[in-house]
Structures are given as C-alpha cells and as structure tokens.
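Understanding the architecture of this molecule
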Amino acid sequence: MGNVLDAQGLVKAFAKVRAVDGVDLTLSAGERVALLGPNGAGKTTTLLMLLGAITPDAGSITLVGHRLPRGRSAAMGEVGFVAGYLPLPDRLRVSEALSIFAGFYGMGRKAGDAAVERGLARFEITHLADRMCMELSSGQRTLVGIVKAILHGPQLLVLDEPTASLDPDVAYRVRTGLLDVAANDGTALLVTSHNMAEVERLCERVVFLAAGRVVADGSPGEVADAFGHGDLEGVFLHLAGTVVAEDQLEDLGGLTDDEVPR
Amino acid sequence: MTSVASDRAPFSWLRVRTVVRRHGYVLFRSPHRWFDIAFWPVFDVLLWGSLGAFVAQENDVSRAATPYLLAGIMLFHVLFQSQIAVATGFMEETWTRNILNVMTTPLRESEYVVGLAAMGLLKLVAAMGTVSLTALVFYSFGLAEIGWGLVPVVGVLLLVGWCTAMLVIGLLLRYGQSAEILAWATTFTILSVSGVFNPVDSIPGVIQPIAKVLPTTYAFSAARQLLDGGPVPWADLGWATLGALVLAALSMFYVLRMLRLFRARGYVTRYS
C-alpha cells in the first residue's frame, strides 16, 4: 500500500517559538492515526501545514501524491477536513452548504446533490437538510462537517478535535461513522483529540507530539508500554508534565475503559 | 500513489460558478445586503440629483447641474459596487469563519477571486439598474446620453474597483478584521479626491497631485467631456487605462504577497 501522506522534517516557528520542530509523519492508505499531545504541542499547526493552510519554514509535504504547496489544489481533491470548532456558512441551509462544497470538490450539481443525499443518509441526518447551518447544535454541526468532508470520497480524512465538547452519545455516532468510512471506503484517518480513550477505540496508531517534536509513534499499546503506563491517558499526563500513578487517574476524571461508549 | 506529482490543478469554471452560487445564496438570505444594491443607490441619486436641480435653479450657467452630478454619482457606483461586492464577499468568509473550510478544498485563489468578481458584476448590474431607473424617473436622465464613450469609462472604473478590492483583501489578510473599515473608506477617499463631480482644479491644491495619479480622475474627467458633447477624449481615456493597468499589477502583487504572509504566519487561525 502506498502512502497518502509523507511529511519530512516539518519546522514552523512563530516569532521566537518553535511550534513544530522537525516532525516526520507518514500515513499509509487506509491507516487510522491519531496525532496527540498536550496543548501547545504543535498538533493543529502540523495539521494546518499538512493541509496547505500554513506554509512550513522547512520540510516537505507530499499529500496523496501531490507535492505541496504547488499541488495543493489537486491534493485537496483527495482530502477531506473536519474540525469540531469550525462551522459551515451560517446563512445557508445544510443541503445548500454541502452542495457548495461538492462544487468546490469539482462535482457538478447533479452529482453533488446525489453525494449530499447519500452522505446525509449515511449519517442518518437527512432531516437536517433544510435546516439553516446557524441553527445546528455542535453535535449536528460535526456530523454535517463529516458529511462535507467525505462528499468526494477522499483518500485521507483529517479531523481536528472532531468530538470536542460533544455529548457521549453524539461522540459515539461520530466515532462509529468514522470507523465505517475507514472500513468501507478505505479512507485513511488522521485525528487529533484530547480524549485518549476515544483514540484507543478509533486509531490503530498514535503519534505523540511534545514541544513540537514526535516523542512516540506506534500502536496505542506499544506507546503506553514504552512510557510505562497502562493506557494513553497516562502517557498524555506524563507528557503534559503531570506524572501520576495509574490508580490516581480515575480521581482526575479520566474515563475508565468501561465508561467509554462503544 | 507513491509517485509524486507536482501538477497544479487546472482552472475550473465549475468552481467559479460555485463561488457565485455560494454568494448568491447569501445575498438572497440577507435582506441587509440589498442596501448596497437597492437602497444606497436610490438615496445617492436622490441626494445628488436634488442638489443638482437646486444649483441649476439658482444659477443657470452653473456646470454643476443635475446631469453632471447624476452622471458622477452613477459612475461612482460602478466603482463602488465592483469594489464592495468583491471585498464584502471575502469578508463574508471571515464573518462566518469559513476561510479554513474554503482553504481546505481544491478551490484555487484565482477561481475564488474570479467568482467574487463575477458575483460583483451581477450585483453591479442590479445596482446600476436601480440608479438608472431612479435617475430616469425623477430627473429624466440616462447615462446613455454620454454615448459609446461611456464603455471605456465604465471598463476603467470596473477594473479600478476590482483592484481596490484586492488591496482591501490584502489588508484584511495582513491585519485581520480590524481592516474592514477600509473596504468603505478607500472608495469614499477616491470619491473625494478624483473629481467625481468636478474638475481637478477645483480640488484644494495640496490634494491635486494625488488626484492626478489616480486613474479614476481621468475616467470621470472623460465622462464629463463626453457629457458636454465633446469628441472622445482619447488622452484622458488613455491615461485612465494606463493607470488602471498599473494599479492592477500593483494590487495583484500586494494581495499575493499578503497571501504568502497569511500562510507563512498562520493567520488563518484568526478565523477558526
């Protein structure tokens, strides 16, 4: 299987702060990878560089066979992006907004509208088609955002905090929907999240960033073991500078395995 | 997939049409957006038309009669509408925090700008319909009185409007939403120093050098000469066209430079 993403030596500094400092990241076709790390680790900056929205100071990015920045437009025809914090244009109905994005992805009206209908049905949100985007709840917005990102059948789906501030039931729908897209469409996933239990459900590989550098890369179990913790939450707290014993995690509000909706 | 293609995606008219459709939805959903193309043009024509009628009543030989003021304000609306449609089109993406969504699609910057300009043309047609009808109904004046010479004048004003919009977008990319006021300020600055209604020599002396480097000054001057029934003022039209082309080159250079800076400094996070 080839790589859908091949980023080498990414560096980005803002003023005197090195937000990203020599990150290498590759994703195979169909692979589900989480990019993790505490606040300020460089996750979002890395994602935005991979999407061509921020220019790296150094390094190279090849996205679905297209070298950025020159091949950005061609690459984006094979990539979808969802961010939990990003709304769709508020004065448009959901079906209109999605139809517009289908057009940006190069789909004609008929093909675009059919893709919109399929996407809404797939996530069981057909009833939202005529709602104004500004009226959506955060959970509905995220589901519509995912539909937007898969309209064109991308090879890679990039998700920045897709379940942030969502209720557990909606987060569950988002997660199962993403797993369905990955399994049935062969779409690779690159996800950032602060919910470690969710990441363990969703991703087969995790890449931890700290201070702009990759400090761990492997399966969730491998990474947890390498840091001497039982799960990713322990690794996260370790990297965030709060090293705690495993038996203290529950007291800190971390979800136990049984509490995670499946 | 492992082989690397460095190809640039071809320009897509489908994506351009999609930009037009996106802003068409916004226009029809937002009654306040109709102020630019339905209300202000009417008020402007009434204000300047009435002023012209009053001055003409007071002084029969005054050049500042209704046709001059009406032609001036109507042509100013060509500049204003073409500029404001493109600038507010981009601002719409910032107001709705949609920039990152747009930037992560295959849409190219050139397609986006052409789409905004095309939408601007549609709004311009609507606005000019409004001003023309108002001027005709209330003052029996039509821009057609200027004749075919009007075509290059309108062309220059259209191009300058788009160029000014590019400068405003460049400023928005660089300085964020705090620069929004400039979308309106730039056009009204041009209004005050280009001799829209009056010859340049009636502008205060210290401002005249500024007026003389603006292509709009020559375009409005040409329109007045045509309205006087004179021959086509090729010299003025030539200077206006040359100035507009220079402005086009400068504005494209500036907006592309600001876009590079926008990406280099990660300013997209201001809108997400």
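A few points on the structure. What you see as residue numbers is a count from 1 along each chain, following the sequence as written. Chain letters and ligand numbers both follow the written order, the letters beginning at A and the numbers at 1. pLDDT decides what is reported in this predicted model: residues at 70 or higher carry local features, side-chain atom pairs at 80 or more are listed and counted, and totals for whole chains, interfaces and linings draw on all residues regardless.

Some words on the sheet that holds strand E5 (residues 66-67) of chain A
Residue and element names in this part refer to chain A. Inclusion rule: When DSSP locates at least two bridges between a pair of strands, those strands are taken to pair. Secondary structure elements are taken from DSSP: a helix is a run of H or I of four residues or more, a strand is a run of E of two residues or more, and numbering for both begins at the N terminus.
Across the sheet, which stays open at both edges, the 4 strands sit in the order E2-E1-E4-E5 with antiparallel pairing between neighbours. Looking at the sheet topology across the chains shown, the edges are occupied by strand E2 (17-28) and E5. Two elements, strand E4 (residues 58-63) and E5, share 2 bridges in a ladder whose sense is antiparallel. Residue pairing for E5: Thr62 is matched across the bridge by Arg67.

Re the interface of chain B and chain A
For the record, the criterion: A pair of residues counts as a contact when their C-beta atoms, built from backbone coordinates, are separated by no more than 7 Å. As a working rule, the residues Ala, Val, Leu, Ile, Met, Phe, Trp, Tyr, Cys and Pro are called nonpolar, Asp, Glu, Lys and Arg charged, and the rest polar, with Gly in that last group.
Each partner contributes residues to the interface: chain B has 35 residues there, and chain A has 40 residues. Of all elements in the fold, only helix H1 (13-29), helix H4 (99-103) and helix H10 (234-264) of chain B reach the threshold of two or more residues within the side of chain B that touches chain A. Ranked by residues supplied to the side of chain B that touches chain A, first place goes to H1(B) with 8 residues. Tallied by class, residues from the side of chain B that touches chain A come to 13 nonpolar, 13 polar and 9 charged.

Some details on the packing of helix H3 (residues 66-95) of chain B against helix H9 (residues 215-227) of chain B
All names here are of chain B. What counts, and what does not: For helices, the axis comes from a line fit to the C-alpha atoms of the stretch in contact; other axes are also lines fit to C-alpha atoms, and the angle between any two N-to-C directions lies between 0 and 180 degrees. Just so you know how the angles are binned, under 35 degrees is roughly parallel, over 145 roughly antiparallel, 65 to 115 roughly perpendicular, and the rest oblique. Take the far helix as your reference; a near helix turned counterclockwise from it by less than a right angle gives a left-handed crossing, and one turned clockwise gives a right-handed crossing.
Direction vectors running N to C along H3 and H9 enclose 140 degrees, while the axes themselves pass 10 Å from each other. With respect to H9, the axis of H3 lies oblique. Note on packing geometry: the crossing formed by H3 with H9 is right-handed. Contacts from Pro67, Tyr68, Ala71, Gly72, Leu75 and Leu79 in H3 reach Thr216, Phe220, Ala223, Arg224 and Leu227 in H9. Partitioning the contact of H3 with H9 into residue classes produces 8 nonpolar, 2 polar and 1 charged.

Digging into the environment of Pro231(B)
As for its placement among the helices and strands, Pro231(B) is situated in the loop between H9 and H10. Sequence separation between Pro231(B) and Gly149(B) is 82 residues, and the spatial gap between their C-alpha atoms is 9.0 Å.

Here's the deal with the nonpolar core
Rules: Buried Ala, Val, Leu, Ile, Met, Phe, Trp, Tyr and Cys residues whose C-beta atoms connect them within 7 Å together make up a nonpolar core. Each residue is classified by how many other C-beta atoms fall within 10 Å of its C-beta atom, where C-beta atoms are placed from the backbone; a count of 20 or more means buried, 12 or fewer means exposed, and values in between mean partly exposed.
Counting residues in each nonpolar core, the largest one holds 166 residues, and the members touching the most others are Leu156(A), Val158(A), Leu190(A), Leu157(B) and Ala223(B). When residues of this core are assigned to their parent elements, the largest contribution, 18 residues, is made by helix H6 (residues 150-175) of chain B. Look past the residues within four positions of Ala223(B) in its chain and what remains in contact with it is Ala71(B), Leu75(B), Ile146(B) and Val153(B).

Let's talk about the pairing of strand E3 (residues 32-36) of chain A
Residues and elements named next belong to chain A. Of all the 5 residues making up E3, 5 are buried; the element is thus mostly covered by neighbouring parts of the structure. Residues of E3 alternate between two faces, with Arg32, Ala34 and Leu36 on one and Val33 and Leu35 on the opposite face, all of them buried. The pairing of E3 with strand E8 (residues 188-192) spans 4 bridges and is classified as parallel. Looking across to E8, one finds that Ala34 is bridged to Val191. Pairing geometry for E3 and strand E9 (residues 205-210), over 4 bridges, is parallel.

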